[in-house]
Amino acid sequence: MTTPTALADGRTAPERSPSPSPSPSGWSASLRRLNALARAELILLIRNRSAIFVALVLPIVMIFSIRASLEQIDLAGTGLSVAGAALTGGIGIVLVQVVYMNLVTGYVTRREELVLKRLRTGEVTDREILISTALPSVALAVLQSVLLVVAGAIAFDLSAPKRPELFLLGLLVGFVMMSALAAATSAVTRTVQTSQLTTLPLFFVSLFASGIFVPLDVFPDKLAAVFELLPLTGVMTLVRHGWLGGVEGGDLVTAVVAALAWTVFAVFAVRRWFRWDPRG
């Protein structure tokens, strides 16, 4: 977050000093700035028809695709129904498409349009800029996750989350991780157009190896053990077993450790490599 800013004459501006811990009045001012910036980001998101399509329509299409693929798989012995696996997989789709992919485009767009650079010249902190950009996408993902739980209860006779603390922990860590990974990915993304390419590796790996399309219980044990170390796998384990139950102690510890480790790494990557200036 402290990448030097290039000035017009070619010199480099000094790095920002770390922000001191806010006082109570400082927290109030910070919240006001976050609220104002997040509202502006929400307006921009609503006006972007392609982003809204990706955020609202594609996850629904993908859920039906998940259900169709699961009907071809023998889930006996996994303790999962097709509906349960499809809807929990849908939350993974929301995390990847609504939060991660949408935010990579958002961060790159704001950077290339010099919005991030201009914001840094004011009193807004780097943390506030990054969080406010992410908030509308996260709020949309929260809404869709709630709708999936409601749809599961009404249309598919699924119970409410059996371990709500695990379910909420999985969502919270997932939102933070995907937002941070989006900011980190934007550092290696030159243009909005290339964001469609730089997001593909995590997109495909998460879809097919993190338990979104196919539960890990279906894979051989050695392969599943490798997949457990992927970024979104721990989050999916917490979400799936928090909603449907049945998690074992060892699996739960592995999921929590993996999810938190990837989140810490993603935040570190943002602090170390995030770019505020256009790549040119």
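Conventions used here
Residues numbered from 1 in each chain as written. Predicted model: local features only at pLDDT ≥ 70, side-chain atom pairs only at ≥ 80, totals over all residues. Heavy atoms only, no water. Helix = DSSP H or I, 4+ residues; strand = E, 2+ residues; numbered from the N terminus. Buried < 20%, exposed > 50% of the residue type's maximum accessible area, 1.4 Å probe, protein only. Contact = heavy atoms within 4.5 Å. Areas by Shrake-Rupley, 256 points an atom, 1.4 Å probe, with all protein chains shown as cover. Phe/Tyr/Trp six-rings, centres within 6.5 Å; stacked < 30°, edge-to-face > 60°. Salt bridge = Lys/Arg side-chain N within 4 Å of Asp/Glu carboxyl O. pLDDT = per-residue confidence, 0-100. Expected span 1.5 Å × (residues − 1). Bend = angle between axes of the 7 residues up to and from the residue. Axes fitted to C-alpha atoms, helices over the stretch in contact; angles between N-to-C directions. Parallel < 35°, antiparallel > 145°, perpendicular 65-115°, else oblique. Left-handed = near helix turned anticlockwise from the far one by under 90°. Nonpolar A, V, L, I, M, F, W, Y, C, P; charged D, E, K, R; others polar.

1. Things to note about the overall build of the protein chain
At step 1: The number of helices and strands found in the protein chain is 12 helices and zero strands.
At step 2: Scored against the burial criterion, the 280 residues of the protein chain give a buried share of 47%.
At step 3: If you take every contact in the protein chain between residues at least 6 apart in sequence, the share linking residues at least 24 apart comes to 81%.
At step 4: Put simply, the protein chain shows about 14100 Å² of open surface, and 67% of that area lies on carbon and sulfur atoms.

2. Some points on the packing of aromatic side chains
At step 1: Tallying each qualifying case throughout the model produces nine aromatic pairs.
At step 2: With centroids separated by 6.0 Å and ring planes inclined at 75°, the aromatic side chains of Phe 167 and Trp 243 adopt a geometry described as edge-to-face. On the criterion of sequence distance, the pair formed by Phe 167 in helix α7 (residues 164-186) and Trp 243 in helix α11 (residues 233-244) is long-range, its members being 76 residues apart. Each member of the pair, Phe 167 as well as Trp 243, carries the same accessibility label: buried.
At step 3: Among the aromatic residues, those joined into a cluster by ring pairs are Phe 203, Phe 204, Phe 208 and Phe 213.

3. Overview of the pattern of salt bridges
At step 1: A full pass over the atoms with the stated rule returns five salt bridges.
At step 2: With a shortest N-O distance of 2.9 Å, Glu 128 and Arg 33 are connected by a salt bridge. Of this pair, Glu 128 sits in helix α6 (residues 126-155) while Arg 33 sits in helix α1 (residues 24-47), and the two are 95 residues apart along the sequence. Take Glu 128 and Arg 33: they sit in the same class, and that class is buried.
At step 3: With a closest N to O distance of 2.8 Å, Glu 112 and Arg 111 form a salt bridge.
At step 4: Take Glu 112: its relative accessible area is 28%, and that puts it in the partly exposed class.
At step 5: We classify Arg 111 as buried; its relative accessible area is 1%.

4. Some remarks on the confidence of the model for the protein chain
Interpretation of this model should avoid reading the predicted coordinates in detail wherever pLDDT is low.
At step 1: This prediction gives the protein chain a mean pLDDT of 86; 89% of its residues lie at or above 70.
At step 2: Across the protein chain, element-level confidence peaks in α7 with a mean pLDDT of 97 and bottoms out in helix α2 (residues 49-56) with 74.
At step 3: Below a pLDDT of 50 lies the segment residues 5-14, which in the model reaches 13 contacts outside its immediate sequence neighbourhood of four places, other chains included.

5. What about α6?
At step 1: The end-to-end C-alpha distance of α6 is 43 Å, a good match for the 44 Å that 30 residues give at a rise of 1.5 Å each.
At step 2: If you look at α6, its biggest bend is around 35°, right at Leu 135, and the proline Pro 136 turns up within four residues after that.

6. Quick look at the side chain of Ser 186
At step 1: On the secondary structure map, Ser 186 appears in helix α7.
At step 2: Of the residues examined, Ser 186 reaches a relative accessible area of 1% and is grouped as buried.
At step 3: Excluding anything up to four places from it in sequence, Ser 186 contacts Val 104, Tyr 107, Val 108, Arg 111 and Phe 274.

7. Looking at the packing of helix α4 (residues 82-112) against α6
At step 1: The N-to-C vectors of α4 and α6 enclose an angle of 160°; their axes lie 9 Å apart at closest approach. Looking at the two axes, α4 sits roughly antiparallel to α6. The hand of the α4/α6 crossing is right-handed. Here Leu 87, Gly 90, Ile 91, Val 94, Val 98, Val 99, Asn 102, Leu 103 and Tyr 107 of α4 lie close against α6, whose contacting residues are Leu 130, Thr 133, Ala 134, Ser 137, Leu 140, Ala 141, Gln 144, Ser 145, Leu 148 and Gly 152.
At step 2: Split by residue class, the contact of α4 with α6 holds 12 nonpolar, seven polar and no charged.

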